[in-house]
Structure formats: C-alpha cells, structure tokens
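Below, each chain spelled out in residue letters.
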Amino acid sequence: MPAATWKQNLYKVLTLVFKNRGEFTLSEVYQTCYGVMSYLYPKNNTIEASIRRNLEELRDDGLVRFVDYRGTYRLIK
C-alpha cells in the first residue's frame, strides 16, 4: 500500500479537527496542523508554505472551499 501524500495527510487532519465546524481559518490550520505535519515530515523546513500550497490543491480538488480573502476556508462534504 503506498504511503499517504502530504495533501492526503493534511486533509485527514482537517476533517478530524474541523468536521463539526465546517469553516476554519488559515491561522487555525497552522495551530492545529503544524505539529502533526512537522512530525510526519521532519525534513520539511517550510511547513506553513506547504500547508498553504496543499490547501490550494485541496480547493482545486473540490474538497475545500476558499470563503473569503481573510483566510477562511470551508470543508466540502
């Protein structure tokens, strides 16, 4: 079985943490996901940039919606 990708791991954390709320901010994502992603990818020195990039990819995949220009996102169910 292939290992989960960065994007898949981030999505798993987002759905676990924010599934009942639906909406979340980029700041909240940093606070809740930084430690987990740092643990999973200890050689990654750009965790915040990787989180932003993967949020954009999740948006492009239709799993997350960008709500406003203040860093608010919504999980798509």
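Source: prediction; values computed, not measured.

Student: Sorry, what's going on with the sheet that holds strand β1 (residues 23-25) here?
Tutor: Strand pairing in a sheet is mediated by backbone hydrogen bonds. Such pairs are either parallel or antiparallel. Taken in spatial order, the 3 strands make up an open sheet running β1-β3-β2, and their pairing is antiparallel. Because the sheet does not close on itself, it has two edges, and the strands there are β1 and β2 (64-66). Neighbour to neighbour, the strand axes of the sheet diverge by 30° on average, direction disregarded. Relative to strand β3 (residues 72-75), β2 runs antiparallel, the two sharing 3 bridges.

Student: Looking at this structure, I do not really get helix α3 (residues 47-60). What am I missing?
Tutor: In an α-helix, one turn spans 3.6 residues; hence positions three or four apart end up facing the same way. End to end, α3 covers 20 Å across 14 residues, agreeing with the expected 20 Å (1.5 Å per residue, within 8%). Buried residues belonging to α3 abut α1 (6-18), β1, α2 (26-40), β2 and β3. Phi for G62, located one or two positions after α3, is positive at around 80°.

What counts, and at which threshold
- Residues numbered from 1 in each chain as written.
- Predicted model: local features only at pLDDT ≥ 70, side-chain atom pairs only at ≥ 80, totals over all residues.
- Heavy atoms only, no water.
- Pairing = 2+ DSSP bridges.
- Helix = DSSP H or I, 4+ residues; strand = E, 2+ residues; numbered from the N terminus.
- Axes fitted to C-alpha atoms, helices over the stretch in contact; angles between N-to-C directions.
- Expected span 1.5 Å × (residues − 1).
- Contact = heavy atoms within 4.5 Å.

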